[in-house]
Amino acid sequence: MHTASLNGHRSEADAPTSLVVTFPADRPLITDAGGTVSPLTVAYQTYGTLNADRSNAILVCHALTGDQHVANVHPVTGKPGWWRAMVGPGKPIDTDRFFVICSNVVGGCLGSTGPASINPATSKVFGLDLPVITIRDMVRAQSMLIDHLGIDTLFCVAGGSMGGMQVLQWAALYPDRVFSAMPIATGARHSSQNIAFHEVGRQAIMADPDWRAGRYLEEGTRPEKGLSVARMAAHITYLSDQALHAKFGRKLQDRAAPTFSFDADFQIESYLRYQGRSFVERFDANSYLYMTRAMDYFDLAADYGGSLAQAFKGTRTRFCVASFTSDWLFPTSASRAIVHALNAGSASVSFVEIETDKGHDAFLLDIPDLLATSHGFITAMARARGLA
Amino acid sequence: MMDQRPNSVAQAKAAGRSDLLLVADMVDHDSRVLDLGCGDGALLRLLADTRNVDARGLEISQRGVNDCVAKGLSVIQGDADTDLADYPDDAFDYVILSQTIQATRHPRLVLEQMLRIGRRAIVSFPNFGHWKVRLEIGVHGRMPVSGNLPFSWYETPNIHFCTIRDFLTLVTEMDAKVERAIVLDQSGTPMRTGASSWMWNLLGEQAVIMLRR
């Protein structure tokens, strides 16, 4: 089972079970770090049908550990798509009405060029030879995909967390190509605390002897312990104290009394160990390093002379920003900063803070207020775009 | 969009919100408007439909925001008492506070912010100097409860009632100028402009006042 999943994982990195486009050597991705990714492969999924005037496309941007399988059964885990609450027939992002696109970001491990891909120059796995990727690099790669699909203007760009960062980057970089935008549970920059949590995760991976300085795929090892610990630490930040307490409290796992050992006595411990283990099945450790780094480097205002408002000055994109009361990774204040900047830039913006105890993860869940807001926004935008 | 014009006007009339129509009448076509405490967006809709304004709203309740967003209106969830400081100077042609000033914690500060953010501020409010209110307190010795003021004292969101005279005194203190003032009587009909402020204060049930610096 262990080997099987390992092999399955490798094939998804090199030969994903989704659509793929490879841009030839004369169309390289020049990264912010000054590197070149060429040829660039982007793996993606689409749902629904592009209309005749190509005006009904919605780009969904995935979060740190997400992928292009937004609304279909995941090829590795066999579980439904990661945004099944939001995307599908009759859902707020209605695949019966819209042409929905979701791509695996560059640096990912589900088919787009990433550290787990084979470097055509060396016929070996990239590992850390891939240049460091930024959110803007991800968005540039997505824009190449959108060009390839023959789409000029996206009706909407939507996403949560790291996906929300991409939404903001899209709106700032290509204002004329984004009719409307839904950044959810996100921020215009990664906070010091968030960078700190990511550093804990990266150190856990790099401290694992099986990491082998990033060359584990060739050496036939995998830093499973490190990646698992990284996921455990991160997972805590996705939830809230209140939700954890409601679900687990101090309940013991399969025993009546504590064992006075370092076994997983508490249910929360078993839960986190399970989360760590199952993550290792589907995700590449080096890709985790690249993704977390991309988020850490994100600071949209810094690209515009320190003024976030400048990033959105004169934009005609209509925004709908949402945050959650119990999200401490991207608290409401981070969303408000975006809204203030949009206001200062005279942008059209709606903003809701949704009451929930589900923490950051709420953007992935069936939260009625989020779905109602999204549905209302997209429906109204569709009317404004003449799609109704 | 055109078919919604009579709709939003009719809705305002049906809801007994003739003050909304008066507010809308004070707003120039094609201007930029921020409506504080915009509720379900009735005024924003009315302004968008009849005046072609670029209308934005601020609303504290999730339900109100959801209603607005679903109507395609740009509305931000927030609190006029705390969030106005974030808006840049002169961002709007009009900042409107419709039937909300009595629910703010710091009415004077809110008014200051309105006059900073907008070229004009339009405030509509229930007149606590109306004769029925005076009757209720003066004769019966009780806080008034009416269709216009439907809450009991212990559960009302309205914490800063004023009379028309009180409001105009504050405006003078703030060095602001009244550009237009319309007072509605009990039937929602504008009182004649020649009426003395004493009469307005006694017989007016609601006031709609446009200010500038």
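Residues numbered from 1 in each chain as written. Chains lettered and ligands numbered in written order. Predicted model: local features only at pLDDT ≥ 70, side-chain atom pairs only at ≥ 80, totals over all residues. Heavy atoms only, no water.

## Observations concerning the overall build of chain A
Right, so step 1: On a plain count of helices and strands, chain A comes out with 12 helices and 14 strands.
Right, so step 2: Radius of gyration (C-alpha) of chain A: 20 Å, near the 21 Å computed for a compact globule of 388 residues.
Right, so step 3: The burial tally for chain A puts 58% of its 388 residues in the buried class.
Right, so step 4: Taking contacts inside chain A between residues at least 6 apart in sequence as the whole, the part at least 24 apart equals 73%.
Right, so step 5: Roughly 15100 Å² of accessible area belongs to chain A as shown, and the carbon and sulfur atoms make up 54% of that amount.
Right, so step 6: If you average the places of the 33 positive and of the 36 negative side-chain charges in chain A, the two averages end up 2 Å apart. (Helix = DSSP H or I, 4+ residues; strand = E, 2+ residues; numbered from the N terminus. Rg over C-alpha atoms; globule rule 2.2 N^0.38 Å. Buried < 20%, exposed > 50% of the residue type's maximum accessible area, 1.4 Å probe, protein only. Contact = heavy atoms within 4.5 Å. Areas by Shrake-Rupley, 256 points an atom, 1.4 Å probe, with all protein chains shown as cover. Lys, Arg positive; Asp, Glu negative; His and termini not counted. Charge placed at Lys NZ, Arg CZ, Asp CG, Glu CD.)

## Section: the overall build of chain B
Right, so step 1: The secondary structure content of chain B amounts to 9 helices and 7 strands.
Right, so step 2: A compact globule built from 213 residues would reach a C-alpha radius of gyration of about 17 Å, and chain B, at 17 Å, matches this within 12%.
Right, so step 3: Each principal axis of the C-alpha distribution contributes one length, and for chain B these read about 50 × 40 × 35 Å.
Right, so step 4: Taking all 213 residues of chain B together, the buried fraction comes to 50%.
Right, so step 5: Contacts spanning at least 24 positions in sequence make up 65% of the contacts within chain B whose residues lie at least 6 apart.
Right, so step 6: Surface exposure of chain B reaches about 10000 Å², of which carbon and sulfur atoms provide 53%.
Right, so step 7: Computed over 23 positive and 27 negative side-chain charges, the inter-centroid distance for chain B is 4 Å.

## Points about the packing of helix 12 (residues 368-384) of chain A against helix 4 (residues 62-70) of chain B
Relative placement of two packed helices is described by the angle separating their axes and the distance separating the axes.
Right, so step 1: Look at helix 12 of chain A against helix 4 of chain B: their axes get within 7 Å of each other, and the N-to-C directions meet at 25°. Comparing their axes, helix 4 of chain B and helix 12 of chain A come out roughly parallel. Residues Asp369(A), Ala372(A), Thr373(A), Gly376(A), Phe377(A), Ala380(A) and Arg383(A) of helix 12 of chain A pack against Gln62(B), Asn66(B), Val69(B) and Ala70(B) of helix 4 of chain B.
Right, so step 2: Here the contact of helix 12 of chain A with helix 4 of chain B is built from residues that sort into 5 nonpolar, 4 polar and 2 charged. (Axes fitted to C-alpha atoms, helices over the stretch in contact; angles between N-to-C directions. Parallel < 35°, antiparallel > 145°, perpendicular 65-115°, else oblique. Nonpolar A, V, L, I, M, F, W, Y, C, P; charged D, E, K, R; others polar.)

## Thoughts on the environment of Ile195(A)
Residue and element names in this part refer to chain A.
Right, so step 1: Residue placement: Ile195 occurs in helix 4 (residues 192-207).
Right, so step 2: Overall, the relative accessible area of 28% leaves Ile195 in the partly exposed class.
Right, so step 3: Put simply, Ile195 and Ala233 are 38 residues apart on the chain and 13 Å apart in space, counted from C-alpha to C-alpha.
Right, so step 4: The residues touching Ile195, leaving out its near neighbours within four places in the chain, are His190, Arg202 and Asp296.

## Things to note about the interface of chain B and chain A
Right, so step 1: Of the residues lining the interface, 19 residues belong to chain B; the matching set on chain A comes to 22 residues.
Right, so step 2: Here chain B packs against chain A, burying approximately 1600 Å² in sum over the two surfaces, 47% of which is carbon and sulfur.
Right, so step 3: Our count for the chain B to chain A interface comes out at 1 salt bridge.
Right, so step 4: Remark: the boundary between chain B and chain A carries 13 residue pairs in polar contact (both at pLDDT 80 or more).
Right, so step 5: Elements that contribute at least two residues to the side of chain B that touches chain A include exactly helix 4 and strand 3 (74-77) of chain B.
Right, so step 6: Take the side of chain B that touches chain A: its biggest share by element is 5 residues, from helix 4 of chain B.
Right, so step 7: Of the residues contributing to the side of chain B that touches chain A, the split by class is 8 nonpolar, 6 polar and 5 charged. (Buried area = accessible area lost by both parts, 1.4 Å probe. Salt bridge = Lys/Arg side-chain N within 4 Å of Asp/Glu carboxyl O. Polar contact = N/O pair within 3.5 Å; in protein donor to acceptor, adjacent residues only side chain to side chain.)

## Observations regarding the confidence of the model for chain B
Residue and element names in this part refer to chain B.
Right, so step 1: With 97% of its residues at a pLDDT of 70 or more, chain B shows a mean pLDDT of 90.
Right, so step 2: pLDDT under 50 marks residues 1-5. Its contacts with residues more than four places away, or in other chains, come to 4 contacts.
Right, so step 3: This prediction of the complex comes with two scores: 0.90 for pTM and 0.80 for ipTM. (pLDDT = per-residue confidence, 0-100.)

## Some points on the packing of helix 2 (residues 135-148) of chain A against helix 3 (residues 162-173) of chain A
All names here are of chain A.
Right, so step 1: Helix 3 packs onto helix 2 with a crossing angle of 70° between their chain directions and a minimal axis gap of 9 Å. Taken as axis vectors, helix 2 and helix 3 run roughly perpendicular relative to one another. As helix 2 runs across helix 3, the sense of the crossing is right-handed. Here Ile135, Arg136, Met138, Val139, Arg140, Gln142, Ser143 and Ile146 of helix 2 come into contact with helix 3, specifically with Met162, Met165, Gln166, Gln169, Trp170 and Leu173.
Right, so step 2: Class assignment for the residues of the contact of helix 2 with helix 3 results in 8 nonpolar, 4 polar and 2 charged. (Left-handed = near helix turned anticlockwise from the far one by under 90°.)

## Looking at the pairing of strand 4 (residues 40-47) of chain A
All names here are of chain A.
Right, so step 1: The element strand 4 is extensively covered by neighbouring structure, given that 7 of its 8 residues are classed as buried.
Right, so step 2: Pairing analysis gives 5 bridges linking strand 1 (residues 19-23) to strand 4, with the strands arranged antiparallel. Across the sheet, Val21 pairs through a bridge with Val42, a residue of strand 4. (Pairing = 2+ DSSP bridges.)

## A word on the packing of aromatic side chains
Right, so step 1: Under the definition given, this model contains 14 aromatic pairs over all chains.
Right, so step 2: A ring pair is formed by Trp170(A) and Tyr174(A), whose centres lie 5.0 Å apart and whose planes are at 55°; its orientation type is tilted. Residues Trp170(A) and Tyr174(A) agree in their burial class; the two are buried.
Right, so step 3: A centroid spacing of 4.3 Å and a plane angle of 15° characterise the contact between Phe128(B) and Phe161(B), whose relative ring orientation is stacked. Residue Phe128(B) is located in the loop between strand 5 (118-126) and helix 7 (131-138), and its partner Phe161(B) is located in the loop between helix 7 and helix 8 (164-173); the two are separated by 33 residues in the primary sequence.
Right, so step 4: The class of Phe161(B) is partly exposed, set by a relative accessible area of 26%.
Right, so step 5: Arg177(A) extends its terminal NZ or CZ atom over the ring of Tyr174(A), reaching a point 6.0 Å from the ring centre.
Right, so step 6: When the ring centre of Phe279(A) is taken as origin, the NZ or CZ atom of Arg231(A), which lies over that ring, is 4.6 Å away. (Phe/Tyr/Trp six-rings, centres within 6.5 Å; stacked < 30°, edge-to-face > 60°. Lys NZ or Arg CZ within 6 Å of the ring centre and 35° of its normal.)

## Some details on the pattern of salt bridges
Residues and elements named next belong to chain A.
Right, so step 1: Enumeration according to the criterion identifies 29 salt bridges over all chains in this entry.
Right, so step 2: Residue Asp137 is joined to Arg140 by a salt bridge in which the shortest nitrogen-to-oxygen separation is 2.8 Å. Remark: Arg140 and Asp137 occur in helix 2; sequence separation between them is 3 residues, near one turn of the helix.
Right, so step 3: Taking relative accessible area as the criterion, Arg140 reaches 24% and is therefore assigned partly exposed.
Right, so step 4: Of the charged contacts in the structure, one is a salt bridge between Asp147 and Arg177, with a shortest N-O distance of 2.8 Å.

## Things to note about unusual backbone geometry
Right, so step 1: The peptide bond linking Ser38(A) to Pro39(A) adopts the cis configuration, its omega dihedral lying at -10°.
Right, so step 2: By secondary structure assignment, the location of Pro39(A) is in the loop between strand 3 (36-37) and strand 4.
Right, so step 3: Although it is not a glycine, Ser161(A) sits at a positive phi angle of roughly 60°.
Right, so step 4: With respect to the helices and strands, the residue Ser161(A) is situated in the loop between strand 11 (154-160) and helix 3.
Right, so step 5: Of note in this structure, Asn52(B) is not a glycine but carries a positive phi near 55°.
Right, so step 6: Looking at the secondary structure, you find Asn52(B) in the loop between helix 3 (42-51) and strand 2 (54-59).

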